[in-house]
Amino acid sequence: PPHSRRDGGSYTGPVPRTFAVRPTTNFTGQFPFFSRPRELGHFSLEIDRSFVNDDRHLKHYYPPSKESDLDLDLRQGFETFVKRDDNVKERLNNVMKWIIHNKQHFLKPERTVGVHYDTETDDMIESLGIDFIAWRGHFTKFLCTPNENREGWEMAVTLFRGTIYISEVETEQDRQHRLEMNHWEKQCMYGGYKFEQYVTSDGKKAPDPSQPVNNIEAFCTVVRSDLGPFKLLYSGEVDCLQPGSTLKPPENYLELKTSRKWYTHKNESSFYRYKLLKWWAQSFLVGIPEVICGFRDDDGVVQEIKHFKTMEMPKHSMGSWDGSVCFNFLLKLLAFIKSVAVIDDPSMVYLFERKPGESVISYTEHRADGQQFIPEWYISAFKN
Ligand code: 0WD
Ligand code: CA
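Just so it is clear, the structure is predicted and the values come from calculations on it, not from any experiment.

Chemist: Explain the overall build of the protein chain here, please?
Modeler: When you go through the protein chain residue by residue, the secondary structure sums to eight helices and 17 strands. In terms of overall size, the protein chain behaves like a compact globule, its C-alpha atoms giving a radius of gyration of 22 Å where 384 residues would be expected to give roughly 21 Å. Projected onto the principal axes, the alpha-carbon positions of the protein chain cover approximately 65 × 50 × 40 Å. Across the protein chain, every contact between residues at least 6 apart in sequence was considered, and the portion connecting residues at least 24 apart equals 73%. Surface exposure of the protein chain reaches about 18800 Å², of which carbon and sulfur atoms provide 51%. Counting 49 positive and 54 negative side-chain charges, the protein chain places the averaged centre of each group 4 Å from the other.

The following block contains the structure:
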């Protein structure tokens, strides 16, 4: 039957070498089965990027007292920005640490309560029972691919104990862009984090904009969802909580954004046509119901805050993007990845690539040539 969760999950016959992004009519039709994302757990990252298995860095939204009388200078404190070192690649390490700290989700019940308790191996994982693991941001990139022509991506893929791990690799274009950012771009990036500081607090006191801003500390949710036949587990950084909400995570989470204010009608329509797709894909994946955006002028001052409901974003796309296309695309791409990544071995890496402007996704195979991203400490948590 149409719309079944079993649809679209497998290949029969020979596996093709490439996956066609175009024409997008390949992906039209009804929205595939996608279950409501459920929070399994969460973690925080400390100022030295160390992992802690709790929510200490989850912030509370603290709206400016009079949103109509705003004046938030996003450039303030730029000199004291404490920036994360982007040369350090953390891959999926923090998601894997969360898995190790929360093994109970993945141990077979008969073994945790079993009579023949083997202390040597019974707290070790056999397999996770999950098809795909990634950062939420990786799936966002996949979802946006049918509508993206300028930015490419590269994803490393490994099949380990029946689970496919997807970990982004920085493209040469992204690396160049990162290293060549001009002052204005750096200030824009800082402004996003400064905005977060203006409108969030630890839940005990008001925001303190006199403190230096850092983009190192973080709170991340870990969610489970099903797409078609696939069980997905992914983690995403969450900006803050809606205080006083009676809803449970992730439905009481909020996503914060900044965007250039609309000077012309063209600015406004291009916002709805292009930017909102990324926002929708990112928040919809983890079930965050609302995005709050500070609109800055060209002097970096926010005088207006707007709220966007995730569920209402698709109807503002003006036909330029379609959520069903994005999700059908993701489902078919995951099925393709699964049909390619068949050797279950942590040293085996399949590199999938979408080059800017190209109409296909292609891949190369790597074994023991420095691409491995599954660490030894993670492998050791699994039963031999
Ligand atoms: O290994 C990698 N190549 C990547 C790792 C790529 C993307 C993210 N990450 C890590 C980040 O270090 C962070 O800990 O994943 C975590 C966030 O994962 P995500 O939620 O899956 O990422 P995404 O949805 O792309 O971004 C969410 C937020 C961003 O908010 P905005 O409003 O800009 O979308 O995570 C933050 C940022 O606040 N963020 C980062 N912060 C510092 N450095 C970075 C970064 N490189 N990337 C995302
Ligand atoms: Ca954000």
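Chemist: Could you clarify how one ought to interpret the site of ligand 1 in this entry?
Modeler: In the vicinity of ligand 1, 16 residues are found, and the nearest of them are Arg84, Arg136, Gly137, Glu237 and Lys257. At 2.7 Å from an oxygen atom of ligand 1 is found a side-chain nitrogen or oxygen belonging to arginine 84. Interatomic distance of 2.8 Å between a side-chain N/O atom of lysine 257 and an oxygen atom of ligand 1. Starting from 790 Å² of accessible surface for ligand 1 in isolation, the protein chains cover 76%.

Chemist: I keep staring at the coordination of the calcium ion (ligand 2) and nothing clicks. Help me out?
Modeler: Ideal values for angles at a metal depend on the geometry: 109.5 degrees with four tetrahedral donors, 90 or 180 degrees with six octahedral donors. Every protein donor of the calcium ion (ligand 2) is listed here as Asp239 (OD), Glu255 (OE) and Leu256 (O), and their distances to the metal cover 2.3 to 2.5 Å. The sequence pattern formed by the donor residues of the calcium ion (ligand 2) is D-x15-E-L. Among the residues examined, glutamate 255 registers a relative accessible area of 4% and is labelled buried. According to the relative accessible area criterion, leucine 256 is buried, its value standing at 5%.

Chemist: Please explain the side chain of serine 324 as it appears in this structure.
Modeler: Note that serine 324 resides in helix H7 (residues 323-340). Judged by its relative accessible area of 14%, serine 324 is buried. With residues up to four places along the chain from it excluded, the contact list for serine 324 reads Phe27, Gly29, Gln30, Phe31 and Pro32.

Chemist: Just to check I follow, could you spell out the sheet that holds strand S7 (residues 153-160) for this structure?
Modeler: As a general point, the strands of a sheet are linked pairwise by backbone hydrogen bonds and lie either parallel or antiparallel. Pairing within the open sheet is mixed, and its 10 strands lie in the order S1-S17-S16-S7-S8-S6-S11-S10-S2-S3. In this open sheet, the two strands that pair with only one neighbour each are strand S1 (18-20) and strand S3 (51-52). In this structure, strand S10 (residues 218-227) lies alongside strand S11 (residues 230-237), joined through eight bridges in antiparallel fashion. Counterpart to arginine 224 in the pairing with S11 is leucine 233.

Chemist: It is not clear to me how helix H3 (residues 136-144) should be interpreted in this structure. Could you clarify?
Modeler: Because each turn of an α-helix spans 3.6 residues, side chains separated by three or four positions end up pointing in the same direction. Most of H3 sits inside the fold, with seven of its nine residues counted as buried. Regarding H3, the residues found buried are Arg136, His138, Phe139, Thr140, Phe142, Leu143 and Cys144. Elements that come into contact with the buried residues of H3 comprise strand S6 (132-135), S7, strand S8 (163-169), S11, helix H6 (265-286) and H7.

Chemist: How should the sheet that holds strand S4 (residues 59-61) be read in this particular structure?
Modeler: As summarised here, the arrangement of the seven strands in space is S5-S15-S14-S13-S12-S4-S9, forming an open sheet in which the pairing is mixed. Because the sheet does not close on itself, it has two edges, and the strands there are strand S5 (72-73) and strand S9 (200-201). Judged from the two bridges that link them, strand S12 (residues 240-241) and strand S13 (residues 253-260) form a sheet pairing that is antiparallel. Within S13, the residue paired with leucine 241 across the bridge is tyrosine 253. Against the sheet, helix H5 (residues 183-199) makes contact with S4, S5, S9, S13, strand S14 (290-296) and strand S15 (301-309), and its axis sits at roughly 135° relative to S13, the strand it touches most. Of the strands in this sheet, S13, S14 and S15 are in contact with H6, which crosses S13 at around 150°.

Chemist: Help me understand the pairing of S14, please; the structure alone is not making it clear to me.
Modeler: Within a regular strand, the side chains alternate between the two sheet faces. Most of S14 is tucked away, with seven of its seven residues classed as buried. Across the two faces of S14 the burial is the same, with Glu290, Ile292, Gly294 and Arg296 and Val291, Cys293 and Phe295 all buried. Here seven bridges tie S13 to S14, and the two strands are oriented parallel to one another. The residue bridging serine 259 from the neighbouring strand is phenylalanine 295, located in S14. With H6 bridging S13 and the parallel S14, this β-α-β connection has right-handed handedness.

The rules behind the values
- Residues numbered from 1 in each chain as written.
- Chains lettered and ligands numbered in written order.
- Predicted model: local features only at pLDDT ≥ 70, side-chain atom pairs only at ≥ 80, totals over all residues.
- Heavy atoms only, no water.
- Helix = DSSP H or I, 4+ residues; strand = E, 2+ residues; numbered from the N terminus.
- Rg over C-alpha atoms; globule rule 2.2 N^0.38 Å.
- Contact = heavy atoms within 4.5 Å.
- Areas by Shrake-Rupley, 256 points an atom, 1.4 Å probe, with all protein chains shown as cover.
- Lys, Arg positive; Asp, Glu negative; His and termini not counted.
- Charge placed at Lys NZ, Arg CZ, Asp CG, Glu CD.
- Near = heavy atom within 4 Å.
- Polar contact = N/O pair within 3.5 Å; in protein donor to acceptor, adjacent residues only side chain to side chain.
- Donors = N, O, S within 2.8 Å, 3.2 Å for Na, K, Ca; no water.
- Buried < 20%, exposed > 50% of the residue type's maximum accessible area, 1.4 Å probe, protein only.
- Pairing = 2+ DSSP bridges.
- Axes fitted to C-alpha atoms, helices over the stretch in contact; angles between N-to-C directions.
- Right-handed = clockwise from strand over helix to strand, strands pointing away.

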